[in-house]
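Each chain is listed here by its residues.
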Amino acid sequence: MSPEQHLALLLDAPLQSWGFASRFQRRTTGLHPTKSAVSGLLAAALGVDKHASDEPAFIAALGRLRFCAVTLPRPDPANRAPQPGRRPLPQRRLEDYHTVRGTRKASGKIDDGTVQTYRHYLLDARFGVLLTAPVGWQLPDGRGPDALAAALRDPVWGVWFGRKCCRPAAPVLAGGPYAGFAAAWQALLRAARLPEDAPLHAFTRVEEADSFGTGVDTLNDQPVTFSKPNTHAPRRIRVHHPLEPHAHL
């Protein structure tokens, strides 16, 4: 049986949008990547057909990957290199205003009126995602974590960060799969041009909680299926900030 394996992803783009609580005409973004969006990215890279009968099984397998999102600093306006531990520049958000005509109502009729929509994006954000495949993890077709790495190098369908206009500015796969979490973390640091000895606790990160009591928030971003109706389950998370004394590598 294969041991636990780890992959490192670099999510770097001028625009990113991580929706998890969007309703009606206001499409907001979270401040860190969602598990649903990254699972969708992996499914697209693998070529999973959301209309196929085995799609829920593929999404369930991707959902078993343990998920850690890390906020990575960018160079500041003084052109100093990004450094761990330095308070990152505040994340900037863009609200894109649209007007749309000819939308379809719940009844099925076409509305000739004008609908206003608001779509939110993160500007020049950069994140790392560390994925851990548990012992013996496989896709429904028997492929292992190596298939995820191969798909990210040569995706079947296009990958993006939340919306189709949010295209990657750098290769998404930073490295892996690795037998150790530390190796994946160092690969991510290399891809982000950060010191390889930088400890994980020097960065803000969002991890999956092992139980409700150890978490601090619940997100409805655990994907079940991307077919209609699009379905998600709740996921318990905990957030670590660089100044937290209990944070550890």
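Please read all numbers here as calculations on a predicted model, not as lab measurements.

1. Observations concerning the overall build of the protein chain
The number of helices and strands found in the protein chain is four helices and nine strands. Counted from the first residue to the last, the protein chain has its helices and strands arranged as β-β-α-α-β-β-β-α-β-α-β-β-β. A total of 249 residues make up the protein chain; the buried ones form 43% of that total. Here the analysis covers contacts within the protein chain between residues at least 6 apart in sequence; of these, 70% occur between residues at least 24 apart. Carbon together with sulfur atoms contributes 54% to the accessible area of the protein chain, which is approximately 13100 Å² in total.

2. Focus: the nonpolar core
Membership of the largest hydrophobic core comes to 39 residues, with the highest contact counts inside it found for Leu9, Leu11 and Leu62. Looking at this core, the elements that each hand over two or more residues are β1 (5-16), α1 (35-46), α2 (55-63), β3 (66-71), β5 (110-133) and α3 (145-153). When residues of this core are assigned to their parent elements, the largest contribution, seven residues, is made by β5. Look past the residues within four positions of leucine 9 in its chain and what remains in contact with it is Val38, Phe127, Gly128, Val129, Leu131, Leu152, Val172, Ala174 and Leu188. Cys68, Leu72, Leu189 and Ala192 belong to the second-largest nonpolar core, a separate cluster that totals 17 residues.

3. A short note on the pattern of salt bridges
Counting across every chain of the model gives seven salt bridges. Linking arginine 66 and aspartate 210 is a salt bridge whose minimum nitrogen-to-oxygen distance equals 2.8 Å. Here arginine 66, found in strand β3, pairs with aspartate 210, found in the loop between β7 (205-208) and β8 (217-225); they are 144 residues apart in sequence, far enough to count as distant. Among the residues examined, aspartate 210 registers a relative accessible area of 62% and is labelled exposed. Arginine 235 is the partner of glutamate 208 in a salt bridge, and the nearest nitrogen-oxygen pair spans 3.3 Å. On the criterion of sequence distance, the pair formed by glutamate 208 in strand β7 and arginine 235 in strand β9 (residues 231-240) is long-range, its members being 27 residues apart.

4. Here we look at the pairing of β1
The element β1 is extensively covered by neighbouring structure, given that ten of its twelve residues are classed as buried. Note that β1 and strand β6 (residues 173-178) share three bridges and pair antiparallel. Bridging from a neighbouring strand, histidine 6 pairs with tyrosine 178 of β6.

5. Quick word on unusual backbone geometry
Following glycine 176, the chain continues into proline 177 via a peptide bond in cis, with omega recorded as 5°. A positive phi is found at aspartate 124, a non-glycine position, where the angle reads about 55°. If you trace the backbone, aspartate 124 turns up in strand β5. Using a relative accessible area of 37% as the deciding quantity, one classes aspartate 124 as partly exposed.

6. Some remarks on the confidence of the model for the protein chain
Per-residue pLDDT for the protein chain has a mean of 83; in total, 80% of the residues score no lower than 70. The element-level mean pLDDT for the protein chain is lowest in strand β2 (residues 26-27), coming to 62, with α3 highest at 96. Predicted confidence is poor over residues 244-249, with pLDDT under 50, and the contacts of this stretch with residues over four places away or in other chains come to ten contacts.

7. Here's the deal with a positive patch on the surface
Side chains of Lys50, Lys164, Arg167 and Lys228 sit close together on the surface and give a patch of like positive charge. Relative to the elements of secondary structure, lysine 50 occurs in the loop between α1 and α2.

8. Comments concerning the packing of α1 against α2
Across the interface, α1 lies against α2 with an axial gap of 10 Å and an inter-helix angle of 125°. Between α1 and α2, the crossing angle belongs to the class labelled oblique. Crossing of α1 against α2: the hand is right-handed. Seen from α1, the contacting residues are Lys35, Ser39, Leu42, Ala43 and Leu46; seen from α2, they are Ile59, Leu62 and Gly63. Looking at the contact of α1 with α2, its residues break down into five nonpolar, two polar and one charged.

9. Examining the environment of aspartate 154
Looking at the secondary structure, you find aspartate 154 in the loop between α3 and β6. The spacing of aspartate 154 and alanine 45 is 109 residues in sequence and 7.4 Å in space, taken between C-alpha atoms.

Definitions and cut-offs
Residues numbered from 1 in each chain as written. Predicted model: local features only at pLDDT ≥ 70, side-chain atom pairs only at ≥ 80, totals over all residues. Heavy atoms only, no water. Helix = DSSP H or I, 4+ residues; strand = E, 2+ residues; numbered from the N terminus. Buried < 20%, exposed > 50% of the residue type's maximum accessible area, 1.4 Å probe, protein only. Contact = heavy atoms within 4.5 Å. Areas by Shrake-Rupley, 256 points an atom, 1.4 Å probe, with all protein chains shown as cover. Core = buried A, V, L, I, M, F, W, Y, C linked by side-chain atoms within 4.5 Å. Salt bridge = Lys/Arg side-chain N within 4 Å of Asp/Glu carboxyl O. Pairing = 2+ DSSP bridges. pLDDT = per-residue confidence, 0-100. Patch = residues over 30% accessible without salt bridge, like charges linked within 9 Å, V, L, I, M, F, W, Y side chains within 5 Å. Lys, Arg positive; Asp, Glu negative; His and termini not counted. Charge placed at Lys NZ, Arg CZ, Asp CG, Glu CD. Axes fitted to C-alpha atoms, helices over the stretch in contact; angles between N-to-C directions. Parallel < 35°, antiparallel > 145°, perpendicular 65-115°, else oblique. Left-handed = near helix turned anticlockwise from the far one by under 90°. Nonpolar A, V, L, I, M, F, W, Y, C, P; charged D, E, K, R; others polar.

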